Amino acid sequence: MADNNHSHFQHPYFVLTGIPGLEQKYYWIAFPLGAIYVIALFGNGVIISTIKSESSLHIPMYYFLCMLALADMGLTLCTLPSMLGIFWFNYKSIAFDSCLVQMYFIHTFSAIESGVLVAMAFDRVVAIWNPLRYGTIITNGVVCRAGTVILTRAVCVVFPVPFLIKRLPFYHSNILSHSFCLHQDVMRLACASTRINSLYGLIAVIFTKGSDSLSILLSYVFILRAVMAIASGEGRLKALNTCVSHICAVLIFYVPLIGLSVIHRFGKHLSPLTHVLMANAYLLVPPVLNPVVYTVKTKEMRKKIIQIFVQTKITAEG
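All of these numbers come straight from a predicted model, not from anything done at the bench. (Residues numbered from 1 in each chain as written. Predicted model: local features only at pLDDT ≥ 70, side-chain atom pairs only at ≥ 80, totals over all residues. Heavy atoms only, no water.)

**Comments concerning the overall build of the protein**
- Tallying secondary structure elements over the protein gives 13 helices and two strands in all.
- For the protein, the C-alpha atoms occupy an extent of roughly 75 × 50 × 35 Å along the three principal directions.
- Within the protein, buried positions represent 46% of all 318 residues.
- Residue pairs in contact within the protein that sit at least 24 positions apart in sequence constitute 80% of those at least 6 positions apart.
- For the protein, the accessible surface area stands at approximately 16,600 Å², while carbon and sulfur atoms represent 71% of it.
- Across the protein, the mean location of the 23 positive side-chain charges is 6 Å away from that of the 12 negative side-chain charges. (Helix = DSSP H or I, 4+ residues; strand = E, 2+ residues; numbered from the N terminus. Buried < 20%, exposed > 50% of the residue type's maximum accessible area, 1.4 Å probe, protein only. Contact = heavy atoms within 4.5 Å. Areas by Shrake-Rupley, 256 points an atom, 1.4 Å probe, with all protein chains shown as cover. Lys, Arg positive; Asp, Glu negative; His and termini not counted. Charge placed at Lys NZ, Arg CZ, Asp CG, Glu CD.)

**Side note on helix H9 (residues 195-228)**
- Here H9 contains 34 residues, and its C-alpha end-to-end distance of 47 Å stays within 8% of the 50 Å for a straight helix at 1.5 Å per residue.
- Remark: the principal bend of H9, roughly 40°, maps to Ile 206.
- Along H9, the positions that sit buried rather than exposed are Asn 197, Gly 201, Ala 204, Thr 208, Lys 209, Asp 212, Ile 216, Ser 219, Tyr 220, Ile 223, Ala 226 and Val 227. (Expected span 1.5 Å × (residues − 1). Bend = angle between axes of the 7 residues up to and from the residue.)

**So, the side chain of Thr 79**
- Here Thr 79 lies in helix H3 (residues 60-89).
- According to the relative accessible area criterion, Thr 79 is buried, its value standing at 0%.
- Of the polar contacts made by the side chain of Thr 79, one reaches the backbone oxygen of Thr 76; its length is 3.4 Å.
- When neighbours within four sequence positions are excluded, Thr 79 is seen to be in contact with Tyr 37, Gln 102, Ile 106, Phe 180, Leu 283 and Leu 284. (Polar contact = N/O pair within 3.5 Å; in protein donor to acceptor, adjacent residues only side chain to side chain.)

**Things to note about a positive patch on the surface**
- Together, Lys 297, Lys 299, Arg 302 and Lys 303 make up a region of like positive charge exposed at the surface.
- Secondary-structure assignment places Lys 299 in helix H13 (residues 299-317).
- You can call Lys 299 exposed: its relative accessible area is 62%. (Patch = residues over 30% accessible without salt bridge, like charges linked within 9 Å, V, L, I, M, F, W, Y side chains within 5 Å. Salt bridge = Lys/Arg side-chain N within 4 Å of Asp/Glu carboxyl O.)

**What about the state of the cysteines?**
- Summed over the entire model, instances satisfying the criterion amount to one disulfide.
- Disulfide pairing is shown between Cys 99 and Cys 181; the S-S distance is 2.0 Å. Here the disulfide of Cys 99 and Cys 181 is left-handed, its torsion about the S-S bond being about -125°. One end of the pair, Cys 99, is in helix H4 (residues 96-129); the other, Cys 181, is in the loop between helix H7 (160-166) and helix H8 (183-187), and 82 residues separate them in sequence.
- Residue Cys 99 is classed as buried on the basis of its relative accessible area, which comes to 0%.
- Given a relative accessible area of 0%, Cys 181 falls into the buried group.
- Sulfur of Cys 66: no disulfide; nearest cysteine sulfur belongs to Cys 144 and is 12 Å away.
- Here Cys 156 is not disulfide-linked; the sulfur of Cys 78 is the nearest cysteine sulfur, at 17 Å. (Disulfide = S-S within 2.5 Å.)

**Considering unusual backbone geometry**
- Residues other than glycine seldom take positive phi values, yet Asn 90 does so here, at roughly 55°.
- Among the residues examined, Asn 90 registers a relative accessible area of 52% and is labelled exposed.

**Observations concerning the UniProt feature "transmembrane region" (unreviewed entry) in the protein**
- In the UniProt entry, the feature "transmembrane region" (unreviewed entry) is given for residues 26-49, 61-89, 101-122, 142-165, 213-231, 243-263 and 275-296.
- Helix makes up 100% of residues 61-89 and strand 0%. Its end C-alpha atoms lie 41 Å apart.
- Between the first and last C-alpha atoms of residues 101-122 the distance is 32 Å; the span itself is 100% helix and 0% strand. (UniProt positions renumbered as here; feature names shortened; annotations may be inferred.)

**So, the layout of surface pockets**
- Estimated volume of the largest pocket: approximately 990 Å³.
- Taken together, 37 residues make up the lining of the largest pocket; nearest its centre are Gln 184, Val 205, Ser 261, His 264 and Arg 265.
- Elements with a contribution of two residues or more to the lining of the largest pocket: H4, helix H6 (140-158), H8, H9, helix H11 (244-266) and helix H12 (272-297).
- In terms of residue count, H9 provides more of the lining of the largest pocket than any other element does, ten residues in total.
- Across the lining of the largest pocket, the residue classes break down as 19 nonpolar, 13 polar and five charged.
- The volume enclosed by the second largest pocket comes to roughly 370 Å³.
- Surrounding the second largest pocket, 19 residues form its lining, Met 61, Asn 241, Thr 242, Lys 297 and Thr 298 being those nearest its centre.
- Among the elements of the structure, H3, H4, helix H10 (233-241), H11, H12 and H13 are those that each provide at least two residues to the lining of the second largest pocket.
- Looking at the lining of the second largest pocket element by element, the count peaks at four residues for H3.
- In terms of residue class, the lining of the second largest pocket is made up of seven nonpolar, five polar and seven charged. (1 Å grid on protein atoms, 1.4 Å probe; cavity = no way out; pocket = protein on both sides within 12 Å on 5 of 7 lines; lining within 4 Å. Points joined across faces, edges and corners; volume = space filled by probe spheres on them. Nonpolar A, V, L, I, M, F, W, Y, C, P; charged D, E, K, R; others polar.)

Listed below in structure tokens is the structure:
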């Protein structure tokens, strides 16, 4: 009878974990953490507003960059309430359903960002492989359809995840390993078989991150073949230089993601601090660094942002 009762029981809330061993220093950690969120939101907001306001940037490459910035802002806003709740107010509880909602949006925006990186890789392939036909191949209509496919895929693939978690009983520990809700972290607390959850999670990862990383790799094989066909060394360097920002964005996104996946599956012997830091890097590093990379490496974006700041300063002084 007890087992039957447990089979339909869930904790009303989960307890989030900040940084193990540094609980007494949360007051000092809160300030740099708040600065990180301000930088992420401000940086991506500036990119979006700049692309929106400058007609010269209304081209496919910058539309994809705008999508990337929106995905980064989504990731940032997903984790902001729980992270700041812990480090600013020492509030560690999150309702069961709220945890599922946060989990859904974290994984959805992560899948969207992965899909946008694939679209940007395809954009670079066309620009380098067949530059004369770039304008006829990568049109605004193609960009809109690509964005729709990326969004639809992410929403649909992640949609079953919270419902698969909802069906599981939780009557032992309710303490999560991170400052936010991730599927793997919540799933490990279940008091029943999670084989279906693990199988669907694996399928979802293969269908999104797995296929996306393979697509990006193949894209750069085509890019390198096209670059090697360019006669002049200066031309090769110029062609490769157009891909530097995208390569940085791919590394910024996939290195922490792969590290977190490896640690979750094979790093059970590692300290909890390692798990926490890798999870935080996975969700906080891309939104912070992507605007910096694209502002520094993209001449047009850097020029427009400087112009906007100068005009804003002149207006304020006037």
